[in-house]
Amino acid sequence: MTEDIRNIRKFINEIPDLSLGQGIARMRELILMMPWLTVSEQLSMLERDYALMLDVLLKGYKDESRPQMYSQMLSRLRVIACNALSDAVTRQVPTFTAAKTKANTISFDKDSIMDTLQGFVQDLAIFLLSSNPSNPSNPSNPSNPSNPSNPSNPSNPSNPSNPSDPLSSLHKRHQDYLDKLFSYILTSHNWTADEAGFMSELLASPTIDSMDAQLLVSAVTLSALTVPDISKVKCLTDIYTATSDGNVRQRAFVGWVLTSCANTCFGSQLTDIINPLLRDAEVRNDLLELSMQLFYSSQTEEYNSYITNTIVPDIMKHSDAGMRHLGLGEKDDDTSIEDILDAGAEERRMEEMEQSVRKMMDMEKSGIDIYFGGFKQMKRYPFFYTLSNWFMPFYLDHPAIARLVGSIRHKQLMSLMLDAGSMCNSDKYSLIHAMSSVFARMPENVVEQMNETAGGAIPRFGQRNTPAYIRRIYLQDLLRFFKVFPQKQDFTDVFTTAHNFLALPPFEGMLHDEVRKYANFLLKRKKNPTALFSTVYDNSNPEDNRLMALISIRNGNYTLAYELFSAIADSCPDDYNAVRGAAQASFRLGDYAMAEKWYARTVAMEQTENLRSQLNYSVSMIHNHHLDNAANNLYRLSFDYPDNADVQRALAYAQMLSGKTTQALKLYSQLLATDSNSCDKLNAAYCHMRQGQWQEAVSLLKAFLAMEGTSEDDILGDDALHKDMGICKRDIMMALDLARQ
């Protein structure tokens, strides 16, 4: 961000705190600093209007419309500032400079835009009908699903090998126009209400192509994300409420949600647009779903790191078995010998590979973007040099890929791969480029074999026409743009904060039930929803207190967690979750007297034994010197869970404190040989000291002090334990002297 852009943005945010006169003066200073701004005349008109208002005020005239006029003038000042920001962005940000240059190559007005977009639909229909109007089964008939321009069957492009083909020429001309129109919208000044109304009516209309509308909705969104424009936000909400096209509607939905968070400088103007929508239960539910989808998007790089480092290596390790199941590949000598010695080895390898693939498919079904890691490396093709292509819905007649499609042999395999999984539009364009390159180098028989067998091997995704699925695909397209676009630094990455939009203006405090559900969603995924939940938290609401207690446990605020859980448990004694929560919180606080009390209630309420509750109950009793009761419970647990190291560790500690150091050392010896930690070494050393076995004790102290994160302070701080075991401080100091040697 340049200094000029920073200064204008700062001014826009300061406008609510300035008088109109101060704002006008500050804007005039900015124009003097940046004489290339094109808003000087707009500001002069505002200055004249405000001077007239001040003159009327000075003359003592009463004007009931004055408050409204003053508010309108402030809005005009904000629009002028935003237009100045647009000037600065298109002048100083390379991507926008290029887009502005492209947009200036053609003249855009309402009539020409409408005529061109509607004319394309008419020209395409006339062309296809004229090819063979009488034969409904002919692929050229637009009513036939096999029509090459029908998105439901993307496997049959028009005539990609011949760019002079009339249909190919039609698509090329139209795509060039769309690219320029996209650039025009992206770099446009703030729209008037009339301009926004025209565009919303046009993009919601069934008289233009759905893919055109989807692309231009993205242009409106990207423009309003870059430069605040309340009219563009209104345009997106109007499209959302008016269109009957599911794809256009969901793009507009994502658009108005994201741009609302970027246009809070418009204050009440924004809330007047958004609040009526929030009264609709369906909208609120969609906002909750979108929050969750944006969360998954924000975690995509983390998930893909796991896929790349864990799942893919497993698949690759066993990929030879998978290839042979397709009738491809050959066994190497080591594998052949292994199959002879172990007849089930290959089947196990195949099963392990299938498990890894299923794991990825399960991640995909849960909403995780599993393709990002692979396809982000495939965005260097010339296709992606064009900004608008990142947002273009996939179709095989796109002029930039049509020739590639024509060169791909075995269209059945291509169609199956394009139809597999939840692959977004951007990745499908990447796949076409990759397939045209890879297939061209593969032997014919190998491609033929893959073509014949791939139908059963390529997984399919389920419902694809639901609003949630459409949003998911669009979010993946947006994610690739903001994360991979070569000039991504020219844009603000919405995925860094967008998943918490329910906690941000204008949504903050408006969607209580949805925020609670989303906070629960985050909590289950081990994320911290404190900032989000605090926007709706009501301490008089028991369920809010329960959720806040759970969040506090997660954040390590055990004091608050205990206060809340214990209050709930006191008012509802049979509430197991509250009783157990109070037990956990008091245990974490080190208040073992209260922990023993609460865990006694917890284990009494558990119909099926919970090992963790029983273990914490026993440890609480140990700390309270109820050693016999603790030991009895731990003896029983050690019988039921003989391989559990924590049970053995707690029992050894109880025996040590009871003076039964011989029995304790037997358990510590087992732990030291298998699953030991630093405490095991230190406690075993104390047992040896108690028995006068100083050589063994010093050896264990040395081993303890050699472990990372330990120090002599850990030993010297055990005064109470030393006293309970009858080990004097002098002996501890001497043992440490020996351990230092």
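Provided above is the structure to which this section pertains.
This section reports on the structure supplied with the text. Keep in mind that this is a model prediction, so the values were computed, not measured.

### Thoughts on the packing of helix H30 (residues 611-623) against helix H31 (residues 627-640)
Right, so step 1: Axis separation between H30 and H31 bottoms out at 8 Å; the angle between their running directions is 155°. Taken together, the axes of H30 and H31 lie roughly antiparallel to each other. Here H30 and H31 pass one another in a crossing that is left-handed. Residues Leu611, Gln614, Leu615, Tyr617, Ser618, Met621 and Ile622 of H30 pack against Leu627, Asn629, Ala630, Asn633, Leu634, Arg636 and Leu637 of H31.
Right, so step 2: Among the residues forming the contact of H30 with H31, the class breakdown is 9 nonpolar, 4 polar and 1 charged.

### A few points about the nonpolar core
Side chains of nonpolar character tend, in soluble globular proteins, to be buried together.
Right, so step 1: Core analysis: the biggest nonpolar cluster contains 204 residues, and Met27, Trp256, Leu287 and Tyr686 have the highest contact counts within it.
Right, so step 2: It is helix H4 (residues 66-92) that contributes the most residues to this core, 10 residues altogether.
Right, so step 3: Excluding its chain neighbours within four sequence positions, the residues that come into contact with Leu287 are Phe253, Trp256, Val257, Leu278, Phe501, Phe507 and Leu511.
Right, so step 4: Within the second largest apolar cluster, 5 residues are counted, among which are Leu124, Leu128, Leu167 and Leu170.

### Notes on helix H5 (residues 94-103)
Right, so step 1: Of all the positions in H5, only Thr95, Phe96, Ala99 and Ala103 are classed as buried. For H5, the angular spread of the buried residues around the axis is 90°, confining them to a single face. Exposed and oriented more than 90 degrees from the buried face of H5 are Pro94 and Thr101.
Right, so step 2: The inward-facing, buried residues of H5 abut H4, helix H7 (166-186) and helix H9 (210-226).

### Details of the side chain of Ser613
Right, so step 1: Note on placement: Ser613 falls in helix H30.
Right, so step 2: Ignoring anything within four residues of it in the chain, the contact list for Ser613 reads Arg580, Tyr599, Thr602, Val603 and Glu606.

### Observations concerning the packing of aromatic side chains
Right, so step 1: Evaluation of the coordinates by the stated rule reveals 32 aromatic pairs.
Right, so step 2: Over the aromatic face of Trp191 sits the side chain of Lys232, whose NZ or CZ is 4.9 Å from the ring centroid.
Right, so step 3: Over the face of the ring belonging to Tyr240 we find Arg249, whose NZ or CZ atom lies 4.0 Å from the ring centre.

### Structural notes on the side chain of Ser183
Right, so step 1: Within the secondary structure, Ser183 is located in helix H7.
Right, so step 2: When near neighbours in sequence (up to four residues on either side) are disregarded, Ser183 contacts Ala99, Lys102 and Ala103.

### Here's the deal with unusual backbone geometry
Right, so step 1: Backbone torsion omega between Pro505 and Pro506 reads 5°, so that peptide bond is classified as cis.
Right, so step 2: For Pro506, the position within the fold is in the loop between helix H23 (467-484) and helix H24 (512-524).
Right, so step 3: With a phi close to 60°, Lys526 is a non-glycine residue in the positive phi region.
Right, so step 4: Mapping Lys526 onto the fold places it in the loop between H24 and helix H25 (530-533).
Right, so step 5: Even without a glycine there, the phi angle at His625 is positive, about 65°.

### Remarks on helix H8 (residues 193-203)
In an α-helix, one full turn covers 3.6 residues, which means residues spaced three or four apart are oriented alike.
Right, so step 1: Listed as buried for H8 are Ala196, Phe198, Met199, Ser200, Leu202 and Leu203.
Right, so step 2: Residues of H8 that are buried in the fold lie against helix H6 (110-131), H7, H9, helix H10 (230-242) and helix H11 (246-262).

### Some points on the pattern of salt bridges
Right, so step 1: Applying the stated criterion to the full structure yields 30 salt bridges.
Right, so step 2: Among the salt bridges present, the one from Lys59 reaches Asp55, with a minimum N-O distance of 3.2 Å.
Right, so step 3: By relative accessible area, which is 33% here, Asp55 ends up partly exposed.
Right, so step 4: For the salt bridge of Glu514 with Arg284, the shortest nitrogen-to-oxygen distance reads 3.6 Å. Of this pair, Glu514 sits in helix H24 while Arg284 sits in helix H13 (residues 281-298); the two residues are 230 residues apart in sequence, bridging distant segments of the chain.
Right, so step 5: Residue class for Arg284 comes out partly exposed when judged on its relative accessible area of 24%.
Right, so step 6: Via salt bridges that share partners, Asp369, Lys379, Asp427 and Arg480 belong to a single interconnected network.

### Describing the packing of H9 against H11
Right, so step 1: Where H9 meets H11, the closest approach of the two axes is 9 Å, and the angle between their N-to-C directions is 5°. Classified by the angle between their axes, H9 and H11 sit roughly parallel to one another. Contacts between H9 and H11 pair Ser210, Ala213, Gln214, Leu215, Val217, Ser218, Thr221, Ala224 and Leu225 from the former with Asn247, Val248, Arg251, Ala252, Gly255, Leu258, Thr259 and Ala262 from the latter.

The rules behind each value
- Residues numbered from 1 in each chain as written.
- Predicted model: local features only at pLDDT ≥ 70, side-chain atom pairs only at ≥ 80, totals over all residues.
- Heavy atoms only, no water.
- Axes fitted to C-alpha atoms, helices over the stretch in contact; angles between N-to-C directions.
- Helix = DSSP H or I, 4+ residues; strand = E, 2+ residues; numbered from the N terminus.
- Parallel < 35°, antiparallel > 145°, perpendicular 65-115°, else oblique.
- Left-handed = near helix turned anticlockwise from the far one by under 90°.
- Contact = heavy atoms within 4.5 Å.
- Nonpolar A, V, L, I, M, F, W, Y, C, P; charged D, E, K, R; others polar.
- Core = buried A, V, L, I, M, F, W, Y, C linked by side-chain atoms within 4.5 Å.
- Buried < 20%, exposed > 50% of the residue type's maximum accessible area, 1.4 Å probe, protein only.
- Arc of directions from axis to C-beta.
- Phe/Tyr/Trp six-rings, centres within 6.5 Å; stacked < 30°, edge-to-face > 60°.
- Lys NZ or Arg CZ within 6 Å of the ring centre and 35° of its normal.
- Salt bridge = Lys/Arg side-chain N within 4 Å of Asp/Glu carboxyl O.

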